[in-house]
Amino acid sequence: MRAIFIVFGVIIFLAGVGETNYIQPMVHAEKDIPSYAKWGRLAMKETQSRYPNADIIDYLHRGRENKDTTSVEKFKLWLQKDDREFGVFINIEFDTETEDVIDITFRETSQ
C-alpha cells in the first residue's frame, strides 16, 4: 500500500513539473516586450487619430534620444490612403522620470 502512495506522489510531482514548464515560457515572454512598446502604441493611436482614413501598414522604432530631464521616442509609420502611400515620422517627448507626455510631433515623408 505504501508503494502505491509513493508512486502516486511521484506521478503528481511529475505532472506538476510538466505544468510549470508549460507556464514558464509565457512568463518569459513578458520580459521580451521592448521598453518602447508603450510609446509605439501611443504613436499608432495618435497617428490613427490624425489620419483617420488611412491604414497603418508598417511600423519602425527609430530609437530613443535622452536629454537632460526628458526623452524622445522616435517612430516611423508607413500609411496607405486610397492609392497613396506615405511615411510619418512621430516623435514622442516625455518626462523621463514621470513618463508624462510633453509633446508629440508628426512629419510626413514620401520616403
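Let me sum up the structure you'll find in this document. In this text the structure is predicted, and so the values were computed from the model without any measurement.

Here we come to the packing of aromatic side chains. Aromatic rings considered in pairs are described by the distance between their centres and by the relative angle of their planes. A complete count under the given rule lists four aromatic pairs for this structure. A connected cluster of aromatic rings, assembled from ring pairs, spans Tyr36, Tyr59 and Phe75. The positively charged end of arginine 84 is found above the aromatic ring belonging to phenylalanine 86, 3.9 Å away from the centroid.

Here the focus is the pairing of strand S2 (residues 70-81). In this structure, strand S1 (residues 55-66) lies alongside S2, joined through 10 bridges in antiparallel fashion. Counterpart to tyrosine 59 in the pairing with S2 is leucine 77. Between S1 and S2, which pair antiparallel one after the other, the connecting turn spans three residues. Counted between consecutive antiparallel strands, the loop separating S2 from strand S3 (residues 84-95) contains two residues, among which aspartate 82 sits at a positive phi close to 55°.

We note that aspartate 82 has phi near 55°; this positive angle belongs to a residue other than glycine. Of note, glutamate 99 is a non-glycine position whose phi angle comes to about 65°, a positive value. You can see glutamate 99 is positioned in the loop between S3 and strand S4 (101-109). For glutamate 99, a relative accessible area of 35% corresponds to the partly exposed category.

Procedures and definitions
Residues numbered from 1 in each chain as written. Predicted model: local features only at pLDDT ≥ 70, side-chain atom pairs only at ≥ 80, totals over all residues. Heavy atoms only, no water. Phe/Tyr/Trp six-rings, centres within 6.5 Å; stacked < 30°, edge-to-face > 60°. Lys NZ or Arg CZ within 6 Å of the ring centre and 35° of its normal. Pairing = 2+ DSSP bridges. Helix = DSSP H or I, 4+ residues; strand = E, 2+ residues; numbered from the N terminus. Buried < 20%, exposed > 50% of the residue type's maximum accessible area, 1.4 Å probe, protein only.

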